[in-house]
Structures are given as structure tokens and as C-alpha cells.
Amino acid sequence: MTSDSNSSCESSDEQKLEFVTTQNQPHSDLESFNSGKEHEDEEKPNPFADVEFAQGKTIVDWDGPDDPENPQNWKLWRKLVVTILISLTTTSLYMGAAIYSPAIPEVMRDMDVPEVKAALGLTLFVWGYGIGSLWFSPMSEIPFFRGRNPTYFACQFIFAILQIPTALSNHIGGFAVLRFLGGIFASPPLSTAGATLGDIWVLPAYAVALIIWAFGAIAGPFLGPLIGGALVQGHNRHYIFWFMLAVSGGMFVLMIIFLPETSAQELLTRKARRLRKETGDPNIVSPGEIINHTHTVKEILKLMFFKPIEMTIMEPVLLLIDLHLGLVYSLMYLYFEAFPLVYQGLYGFNLVELGCAYLSLLIGAVIGCIVYLGYMGYAGPRITELEKLFSLSATFGACLLPVGIMVFGWCGREGFNWSVSMVGNIFFAWAAFILFQSYFGFIGIMYPPSAVGSAFASNNIVRSLMGGAFPLFGTVMYNHTAIDKYPVGWGCTILGIVALMLIPLPIYLYFRGKSLREYAQKKYGGKLHR
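Residues numbered from 1 in each chain as written. Predicted model: local features only at pLDDT ≥ 70, side-chain atom pairs only at ≥ 80, totals over all residues. Heavy atoms only, no water.

Asker: Any chance you could explain the overall build of the protein chain here in plain terms?
Answerer: When you go through the protein chain residue by residue, the secondary structure sums to 22 helices and 3 strands. Looking at the 530 residues of the protein chain, the share that counts as buried comes to 57%. Taking contacts inside the protein chain between residues at least 6 apart in sequence as the whole, the part at least 24 apart equals 82%. (Helix = DSSP H or I, 4+ residues; strand = E, 2+ residues; numbered from the N terminus. Buried < 20%, exposed > 50% of the residue type's maximum accessible area, 1.4 Å probe, protein only. Contact = heavy atoms within 4.5 Å.)

Right, here's the structure in full:
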């Protein structure tokens, strides 16, 4: 049903419009979480509302809390389809970066370039993630761009098409540019997926959906080297990109067929158009249409480009979380430099065997997923503050991370079986999964829907810039710190010390998380739930 936008007059001379945008956000009130009871929240004025334009209009809203058109009320199977499809798309796109690493020696030979230039195919793709997030993630929050799906569909299609010239390229300059563009158009599912899942799930189910997505995100870089190694060893580097064309093209078709629009703002706009057509009443509008009327295209573009950067600079807690996850992300890509030094240099693995070594990281991610699910199932109903729920698990991951780095670094040596160092890989991936999941959850509940997409974009920008830079100096660092029998020992020690220095962050969030969340919700116009 619709609801009239004109609030009661406080004086005979002036009317003030107050309404709340109905874009969904992941939430669950304390009583709702523990006993099924809910509290009513006070409505807040929409900061984007154009009062003069909106007066006399009828603002479209959901037909009550059980409206089946509301994405949070969709049937379970439909929500699962969206969740699985977004997770698989994320896996395939993250795999697009790591799948290139086994081809670096062949690129060096075929294009006659040093290793640093050949590594640009990895670095620029990862940097493209971050640059693309700056553009595409805020687009999904701005009504002008008609929801989340247009960005998903257009970018997925362009990414698939870009694999054709990339596969055919034989010059390092054109190849590097194509990889950079590929990274840019691969970015929407990587930075916006958390917001998409927040459109359809509420806590505690939202946390489980994030676990599924995070597993897909972390599995991609671990599967990439295995598939890439098999393709390079069995054929050549060109087959990597033909494979990516098949995978990304297939995912594009699946998205077109099975991925519905989830943005409540866009769905309400469609509802307003339908009601205007049915009733002939031009005064029926959606909150998104009012926002569009309020902002010029120039203002929208400014909001789109600068909001993630502004949040990165002006939100110090978000920046620290970004840096912590950026370190984990960088270590994942440094493994693409360290693994050949250990498993090929010491143990004589071929490309396929080297790819199989990355499965130890996938095993660690699976363990992390199981442990985190168990933790959420046990602690979720018992820990009343979500900030503490996520920061406590992040503390565990932060403590486990340097352990994994050190075990890999010092057990990858002559005289030790190759399997010993893989224990460290398992610990590292276990810690990485829990850190990613915990911090993603913290970001998801810290900011309202109008800002959460940009917060994830901020995180993606910082992670991508750090992760893309590390492979450029990783081999040099390991070579300059190597000692007899220990090719990566001291290099991993340096990284382990940095990881130790970041352990206080989740501890700080445990004690200060609630006040930080209240401030962020107030600043960006959201409502504080559980």
C-alpha cells in the first residue's frame, strides 16, 4: 500500500515532511534475536528529502511488514539462489587474478620481459578491483542507476568480452592494460555483494549468508593457481583466458536468468511506476524518485566517486579494518611468490603439484568456515552485542594469523617434509577466513544501507592497492632475507611481526564497538538495531 507523505502540521503556516527510506538493512533487534519480540524504532527525517517537491505526493512503501515484494520476505529458495549465485560469481572473479600466477614464467619468456613487468598482469588486475569499486559500488546505492543488477550485468558482460583480446595479446603493454580493465569490471560482485545479501537477509541468517559469500571470495585465489597451473602445463598461458571467458560468460547467462533485483529502493520505484500507470495519479512517487529529483547528475557523480574515498579518510576505524584485511589480502598474494620458492625450489614440484599445494589453503578456509559457523551458532544467541560477537572472533583470527605465517616460513626448509610447512598454510587460511568474515560482519552492521556499499568499497580499495603492490616486491624481499636452508624464513618473520602489531585492533573494537557503531549510524542516518 502507499502512505501519504505529509506529516501533521506543527503550525498553520508550515508543513514538514518526514519519511523513512525503505531500503533494507541487515538487522535483528535484541528481543527479536532472543525471543522473537521486536521493538519499534523512531522514524527519522530523510536527509535527502526535497520537502517542497514531496509535499502533496504519496510516498510508496511496502504493504506492511509481511509484503511478499519486500526482498527480506522472499521465499527461502529464492534467497538461496541469490546467495549462491553471488558467491559463485565472486569465486570466479577472484580466481581471475590468481589463475594468472602460474603463467608468469611463460609471459617472461614469450614477451621478453623481467619478472616485475610480468607480475603486472597480477598487480594491475588486483588494483583494478579497487578502482572499479570506487565507481561501481556507490552506483548500486544511488536511485539514478536503477538498482544493483544493471551494474552487475553490464560489468560481468564486459569482463567476459575482455578475456578475448587478453588471450590473444602478445605485447606486455596491451596485455597489462587489458588485465587492468578486467580487474575494474570484475569489481562489482566483490564490493557490493555484502550489500546485496543485506537486502534479502536479516540477522542471524545474514551472518550465515556472509559466511557463504566469504568462503567463495577466499576460495577463488586458492583454486586459481591449481587451475592455471594445469592449463599452462597442459597447453599454454592463452588457455587461462579462454577458460575465464567460458566461466565468466556462463556466470553472465546465469545472472541474467536467475538473479532478481534486490534493492528495495529500486523495487519501490518500480512499484510507484506501476501504481501511477494503474491509477493515473502522477503524485505517487517512491523515496528513490524524490532523491533523484533532489540531486543533479553532477551531485550524483560526485557522491558516487568520492563517498568511498571520504569514508576511508574520515572513518579511522574503517581505515584500520581496511589495513588489517589489506595485510591478510597481501599475504595471500605474497604466497604466489613464496610457494614457488619453497615447493619448486626446495621440493621440486611441477606446476600442477604446485597448484595442489594451494589446496592446503583451501583446507584451512574450510576449517575456518566450519569453526566460524559453530561459533556463530553457539555465541550468537548468547552475546547480546553484535559488535562484541564479531570482534571476539576477529581477535581469535588475529592471534592465529602470525602463527600460520611463522610455521610456513620456518618449516619450509631442507630436511623437513613438504607437508610440515602446509600446516602453517592451514593455520593462515583458517585465520584469514575468520578475519575476513568477522570484519565483513562488523562493517555490515556498523553502517546503514545508504553507506554500507561504500564502506565495503573502501575496504576493497585499500585491500586491492595493498594486495596488488606486494607481488611486485615479494620475490625480492624473500631473496634478500633468505638464509641457508630457509628461503622464506626471515621474510615471513617480518610479515608475522606486522600481523602481531595489528592484534590490538579487534580487542579495541570489542570494548569500543558499540559507541563507534552508534556514532556511525547517527552520522549516516541509519537506525541502530541489536
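Asker: Which parts of the structure should I look at to understand the pattern of salt bridges?
Answerer: Note on pairing: side chains with opposite charge can pair once their charged atoms come close. In this structure the tally under the stated criterion is 9 salt bridges. A salt bridge links D199 to R148, with the shortest nitrogen-to-oxygen separation between them at 2.5 Å. Of the two residues, D199 is situated in helix α9 (residues 187–200) and R148 in the loop between α6 (120–139) and α7 (149–168); the sequence distance between them amounts to 51 residues. What makes D199 buried here is its relative accessible area of 0%. E266 is the salt-bridge partner of R270, the closest N and O atoms lying 3.1 Å from each other. Of this pair, R270 and E266 both sit in helix α12 (residues 264–279), 4 residues apart, roughly one helical turn. Residue E266 is classed as buried on the basis of its relative accessible area of 5%. Salt bridges linked by common partners bring D63, D67 and K271 together as one network. (Salt bridge = Lys/Arg side-chain N within 4 Å of Asp/Glu carboxyl O.)

Asker: Explain the packing of aromatic side chains to me, please; I cannot follow it from the model alone.
Answerer: What describes a pair of aromatic rings is the distance from one ring centre to the other and the angle between the planes of the rings. Counted according to the given criterion, the structure contains 29 aromatic pairs. Considering the side-chain rings of F157 and F252, the 5.4 Å spacing of their centres and the 50° angle between planes classify their relative orientation as tilted. With F157 in helix α7 and F252 in helix α11 (residues 238–258), this pair connects stretches of sequence that are 95 residues apart. Taking the centre distance of 5.5 Å and the plane angle of 20° together, the rings of Y343 and F349 count as stacked. (Phe/Tyr/Trp six-rings, centres within 6.5 Å; stacked < 30°, edge-to-face > 60°.)

Asker: Please clarify how the packing of α9 against helix α20 (residues 449–481) should be interpreted in this entry.
Answerer: Two quantities define a packed helix pair, namely the angle between the axes and the distance from one axis to the other. One way to put it is that α9 packs onto α20 with a least axis distance of 8 Å and a crossing angle of 135°. For the element pair α9 / α20, the angle class is oblique. Remark: the crossing between α9 and α20 carries right-handed chirality. Residues S187, L190, S191, G194 and A195 of α9 touch α20, and the partners they reach there are V452, G453, F456, A457 and N460. Split into classes, the residues belonging to the contact of α9 with α20 amount to 5 nonpolar, 5 polar and no charged. (Axes fitted to C-alpha atoms, helices over the stretch in contact; angles between N-to-C directions. Parallel < 35°, antiparallel > 145°, perpendicular 65-115°, else oblique. Left-handed = near helix turned anticlockwise from the far one by under 90°. Nonpolar A, V, L, I, M, F, W, Y, C, P; charged D, E, K, R; others polar.)

Asker: Where do I start with a nonpolar patch on the surface in this structure?
Answerer: Together, W77, V81, V253, L254, I256, I257 and F258 make up a nonpolar patch on the protein surface, roughly 670 Å² of accessible area in all. Counting residues per element, the ones that place at least two in the nonpolar patch are α3 (76–98) and α11. With 5 residues, the top contributor of residues to the nonpolar patch is α11. With respect to the secondary-structure elements, W77 resides in helix α3. Looking at W77, the relative accessible area reads 57%, which means it is exposed. (Patch = residues over 30% accessible without salt bridge, like charges linked within 9 Å, V, L, I, M, F, W, Y side chains within 5 Å. Areas by Shrake-Rupley, 256 points an atom, 1.4 Å probe, with all protein chains shown as cover.)

Asker: Looking at this model, I keep getting lost on the side chain of T269. Mind explaining?
Answerer: By the element assignment, T269 lies in helix α12. The residues contacting T269, other than those within four sequence positions of it, are S286, G288 and E289.

Asker: Any chance you could explain α12 here in plain terms?
Answerer: The α-helix winds at 3.6 residues per turn, so residues separated by three or four positions along the chain end up facing the same way. Here α12 contains 16 residues, and its C-alpha end-to-end distance of 22 Å stays within 8% of the 22 Å for a straight helix at 1.5 Å per residue. Following α12 by one or two positions, G280 has its phi on the positive side, about 75°. (Expected span 1.5 Å × (residues − 1).)

Asker: Is there a simple way to explain the side chain of S187 in this structure?
Answerer: Within the secondary structure layout, S187 lies in helix α9. Of note is the side chain of S187, whose polar atom sits 2.7 Å from the backbone oxygen of I184. (Polar contact = N/O pair within 3.5 Å; in protein donor to acceptor, adjacent residues only side chain to side chain.)

Asker: Quick question: what am I supposed to make of the nonpolar core here?
Answerer: Across soluble globular proteins, nonpolar side chains show a tendency to be buried alongside one another. Counting residues in each nonpolar core, the largest one holds 144 residues, and the members touching the most others are Y129 and Y447. Per element, the largest residue contribution to this core is 17 residues, and it comes from helix α15 (residues 316–344). Filtering out sequence-adjacent residues up to four positions away, Y129 remains in contact with L93, Y94, A97, G183, I184, A186, S187, L190, Y329, Y333, N460 and S464. (Core = buried A, V, L, I, M, F, W, Y, C linked by side-chain atoms within 4.5 Å.)

Asker: Explanation requested: helix α17 (residues 359–379) in the structure shown.
Answerer: Over its 21 residues, α17 extends 29 Å from the first C-alpha to the last, a length consistent with the 30 Å expected when each residue adds 1.5 Å. Within α17 the residues assigned to the buried category are S360, L361, L362, G364, A365, G368, C369, Y372, Y375, M376 and A379. Tucked into the core, α17 has its buried residues touching α10 (205–234), α15, α16 (351–357), α18 (386–411) and α19 (418–446).

Asker: How do you make sense of the environment of Q72 when you look at a structure like this?
Answerer: Turning to its location among the elements, Q72 is positioned in the loop between β2 (58–60) and α3. Overall, Q72 belongs to the buried group, its relative accessible area being 16%. Distance in space between the C-alpha atoms of Q72 and A264 is 9.2 Å, their sequence separation being 192 residues. There is a polar contact of 3.5 Å between the side chain of Q72 and the backbone oxygen of G198.

Asker: Just checking my understanding: could you explain unusual backbone geometry for this structure?
Answerer: Negative phi is the rule for most residues except glycine; trans is the rule for most peptide bonds. At D112, a residue that is not glycine, the phi angle is positive and equals roughly 55°. Inspection of the secondary structure assignment puts D112 in the loop between α4 (104–111) and α5 (115–118). Owing to a relative accessible area of 69%, D112 belongs among the exposed residues under this scheme. With a phi angle near 75°, K485 is a residue other than glycine that sits in the positive phi range. Mapped onto the fold, K485 is located in the loop between α20 and α21 (489–501).

Asker: Just checking my understanding: could you explain the packing of α7 against α11 for this structure?
Answerer: Between α7 and α11, whose axes approach to 8 Å, the crossing angle comes to 160°. Judged by the inter-axis angle, α7 sits roughly antiparallel to α11. Crossing geometry of α7 relative to α11 is assigned as left-handed. Touching Y152, F153, Q156, F157, F159, A160, Q163, I164, T166, A167 and L168 of α7 are H238, F241, W242, M244, L245, S248, G249, M251, F252, M255 and I256, all from α11. Grouping the amino acids of the contact of α7 with α11 by side-chain chemistry returns 16 nonpolar, 6 polar and no charged.

Asker: Help me understand the confidence of the model for the protein chain, please; the structure alone is not making it clear to me.
Answerer: Close inspection of predicted coordinates is inappropriate for parts of the model with low pLDDT. Per-residue pLDDT for the protein chain averages 81, and the proportion of residues at 70 or more is 85%. In the model of the protein chain, helix α1 (residues 30–35) stands out as the element of lowest mean pLDDT, 31, in contrast to α11, which has the highest, 94. Considering only residues more than four positions removed or in separate chains, one finds that residues 1–52, a stretch of pLDDT under 50, has 112 contacts. (pLDDT = per-residue confidence, 0-100.)

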